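Coordinate analysis (summary)
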Amino acid sequence: MAKTLIDIDEELLAEAAMAFGTKTKKDTVNAALKEGVERKKRALALARLAARADAGDFDVLLEKENYRR
């Protein structure tokens, strides 16, 4: 892990600590970074899924004989 000197909005940091349930600045920043990365990955996965749906990749599932019983 690297040490980095940055300016952080203290009010926003306090809000983030409350939201994440973290006690230290380090834990809060790391939690926020992790959440941001995970959120972006989910958004990209959803966009890829939507593109497949738009391309008709799941149309076969709409046929009644393909439903599970």
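The following paragraphs examine the structure supplied in this document. Only a predicted model underlies this, so the values are computations on that prediction, with no experimental measurement involved.

Okay, the overall build of the protein chain next. If you tally the helices and strands in the protein chain, you get 2 helices and 0 strands. Against the globule reference of 11 Å for 69 residues, the protein chain gives a C-alpha radius of gyration of 21 Å, more extended than a compact globule. Dimensions along the principal axes, computed over C-alpha positions, put the protein chain at roughly 60 × 25 × 25 Å. Put simply, the protein chain has 69 residues, and 7% of those count as buried. Total accessible area computed for the protein chain in this model is approximately 6600 Å², and 58% of it derives from carbon and sulfur atoms.

What follows is about the side chain of threonine 28. One can find threonine 28 in helix H2 (residues 25–54). By relative accessible area, threonine 28 is classed as buried at 2%. Engagement of the side chain of threonine 28 in a polar contact is seen with the backbone oxygen of threonine 24, the distance being 2.8 Å. The contact partners of threonine 28, leaving out residues within four places of it in the chain, are Leu13, Ala16, Ala17, Phe20 and Thr22.

For the rest of this paragraph, the subject is the layout of surface pockets. If a probe the size of a water molecule is rolled over the atoms, the empty space left behind becomes visible. Estimates place the volume of the largest pocket at around 380 Å³. Taken together, Met1, Ala2, Lys3, Thr4, Leu5, Ile6, Ile8, Lys25, Lys26, Val29, Asn30 and Leu33 make up the full set of residues lining the largest pocket.

This brings us to helix H1 (residues 10–20). What H1 keeps buried is the set Leu13, Ala16 and Ala17. One side of H1 carries all its buried residues, which in axial view fall inside an arc of 105°. Of the exposed residues in H1, those oriented more than 90 degrees away from the buried face are Glu11, Leu12, Glu15, Met18 and Ala19. In this structure, the buried side of H1 is in contact with H2. The N-cap of H1, judged by a side-chain oxygen 2.9 Å from the amide nitrogen of glutamate 11 a few residues on, is aspartate 9. The positive-phi residue at the C-terminal boundary of H1 is glycine 21, with phi of around 70°.

Here is what the cut-offs are and how they apply
Residues numbered from 1 in each chain as written. Predicted model: local features only at pLDDT ≥ 70, side-chain atom pairs only at ≥ 80, totals over all residues. Heavy atoms only, no water. Helix = DSSP H or I, 4+ residues; strand = E, 2+ residues; numbered from the N terminus. Rg over C-alpha atoms; globule rule 2.2 N^0.38 Å. Buried < 20%, exposed > 50% of the residue type's maximum accessible area, 1.4 Å probe, protein only. Areas by Shrake-Rupley, 256 points an atom, 1.4 Å probe, with all protein chains shown as cover. Polar contact = N/O pair within 3.5 Å; in protein donor to acceptor, adjacent residues only side chain to side chain. Contact = heavy atoms within 4.5 Å. 1 Å grid on protein atoms, 1.4 Å probe; cavity = no way out; pocket = protein on both sides within 12 Å on 5 of 7 lines; lining within 4 Å. Points joined across faces, edges and corners; volume = space filled by probe spheres on them. Arc of directions from axis to C-beta.

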